[in-house]
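# Examination of the molecular architecture
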Amino acid sequence: TKPPVSTPKSTPVKSTNNSEPEMSTGMPPDKAAIKQAEAESNQQASQTGMVYLKEGEKKFLKEYGMSITYKKMSEERRCPVGVNCIWAGVATAEIEVMGLATRPNILKISTMQDGNRGYAKSQDFNGYQISLEQVTPNTTSDRGFKALQGTYKIGIKIKKQEPGKTSPNNTTTK
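Owing to the predicted nature of the structure, the values given are computational and were not obtained by experimental measurement.

## Some points on the sheet that holds strand β4 (residues 58-61)
- With respect to topology, 4 strands assemble into an open sheet ordered β4-β5-β6-β7, the strand pairing being antiparallel. Of all the strands in the sheet, just β4 and β7 (105-110) have a single pairing partner and so form its edges. The sheet shows a mean angle of 30 degrees between the axes of neighbouring strands, taken without regard to direction.
- Examined bridge by bridge, β4 and strand β5 (residues 66-76) share 4 bridges and lie antiparallel to one another. Bridging from a neighbouring strand, Leu61 pairs with Met66 of β5.

Given below as structure tokens:
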């Protein structure tokens, strides 16, 4: 028989990328690593204008002076992958936004704009227009909305509003 192999539970792992701090496997990341990851995430958001959030995730976006929490996917009626549909359908995400000097506001943003059906592709908040640009994953004939709950990821775009202009459904300005 072979003798049991024992490996240390907390072995330092050296990164080949000099910009990343050292971390130990099996240990929570240190505060410097967390700050660096947040800074990289915010830098990516400012470069692309897109912010990506997983269900339940909260991000503070310093350059916009607000925090955004992706609460849940409240509606998923997009055409499943591999199915021929009459219309593309719609998905609606519920997000909570809060500025530095505002109370939290719940916004519902959808993958399409249709005021007659109550769908808003974008909402205004604190001088910014927030729009839903991406929703993943797509439903399939095997995996519907209920099976995918908790796994959704959204991509939102935030852009400064022009003075005096508002979105078609401006529900929150402060």
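## Overview of the state of the cysteines
- Across all of its chains, the model carries 1 disulfide by this definition.
- There is a disulfide in this structure between Cys79 and Cys85, and the S-S distance comes to 1.9 Å. Of note, the bridge from Cys79 to Cys85 carries an S-S torsion of about 80 degrees and is right-handed in sense.

## Some details on the pattern of salt bridges
- Tallied over the full model, the rule gives 5 salt bridges.
- Taking the shortest distance from any N to any O, the salt bridge between Lys71 and Glu96 comes out at 3.9 Å. Within this pair, whereas Lys71 is found in strand β5, its partner Glu96 is found in strand β6 (residues 91-99), the two being separated by 25 residues in sequence.
- Classification of Lys71 as partly exposed rests on a relative accessible area of 38%.
- Look at Glu96 and you get partly exposed, because its relative accessible area is 22%.
- The salt bridge partner of Arg117 is Asp114, with a shortest N-O separation of 3.5 Å.
- Judged by relative accessible area, Asp114 falls into the buried class, the value being 18%.

## Details of the environment of Gly56
- In this fold, Gly56 is placed in the loop between β3 (50-54) and β4.
- Residues Gly56 and Lys71, 15 residues apart in the sequence, show an inter-C-alpha distance of 5.2 Å.
- In this view, Gly56 contacts Thr69, Tyr70 and Lys71; residues no more than four positions away in its chain are not counted.

## Side note on the packing of aromatic side chains
- According to the stated counting rule, one finds 2 aromatic pairs in the structure shown.
- Both rings, one in Tyr64 and one in Tyr128, keep their centres 5.3 Å apart while their planes meet at 85 degrees; by these two values the pair is edge-to-face. Taken together, the residues span a long stretch of sequence, with Tyr64 in the loop between β4 and β5 and Tyr128 in strand β9 (residues 128-136) at a distance of 64 residues.
- Look at Tyr128 and you get buried, because its relative accessible area is 12%.
- For the ring pair Phe145 and Tyr152, a centre distance of 6.2 Å and an interplane angle of 45 degrees mean the geometry is tilted.
- In this structure Phe145 comes out as partly exposed when scored by relative accessible area, which is 22%.
- Over the aromatic face of Trp87 sits the side chain of Arg117, whose NZ or CZ is 5.0 Å from the ring centroid.

## Here we look at the sheet that holds strand β8 (residues 122-125)
- Read from one edge of the open sheet, 4 strands run β3-β10-β9-β8, paired in antiparallel fashion. Looking at which strands have only one partner, the edges of the open sheet turn out to be β3 and β8. Averaged over all neighbouring strand pairs, the angle between strand axes comes to 30 degrees, with direction disregarded.
- As defined by bridge partners, β8 adjoins β9 across 4 bridges and the pair is classed as antiparallel. When the bridges of β9 are listed, Gln123 appears paired with Ile130.

How each quantity is defined
Residues take numbers from 1 onward in each chain, read along the sequence in its written order. The model is predicted, so local features are restricted to residues of pLDDT at least 70 and side-chain atom pairs to those at 80 or more, both for listing and for counting; the totals for chains, interfaces and linings are taken over all residues. Neither water nor hydrogens contribute to the side-chain values; these are computed over all heavy atoms in the structure. Whether two strands pair comes down to DSSP finding at least two bridges between them. Strands are runs of DSSP state E lasting at least 2 residues, helices are runs of H or I lasting at least 4, and numbering of each runs from the N terminus. Only C-alpha atoms enter the line fits that serve as axes; for helices the fit covers just the stretch in contact. Angles between N-to-C directions range over 0 to 180 degrees. The definition used for a disulfide is geometric: two cysteine sulfur atoms within 2.5 Å. Salt bridge, as used here, is a side-chain nitrogen of Lys or Arg placed within 4 Å of a carboxyl oxygen of Asp or Glu. Throughout, exposure labels follow a simple rule: accessible area from a 1.4 Å probe, protein chains only, divided by the maximum for the residue type, with under 20% read as buried, over 50% as exposed, and the rest as partly exposed. Residue contacts are counted whenever heavy atoms from the two residues lie within 4.5 Å of one another. Pairing of aromatic side chains here covers Phe, Tyr and the six-membered ring of Trp, requires ring centres within 6.5 Å, and sorts the geometry by plane angle: under 30 degrees stacked, over 60 edge-to-face, intermediate tilted. Consider the ring centre and the ring normal. A charge sits over the ring if Lys NZ or Arg CZ is within 6 Å of that centre and within 35 degrees of that normal.

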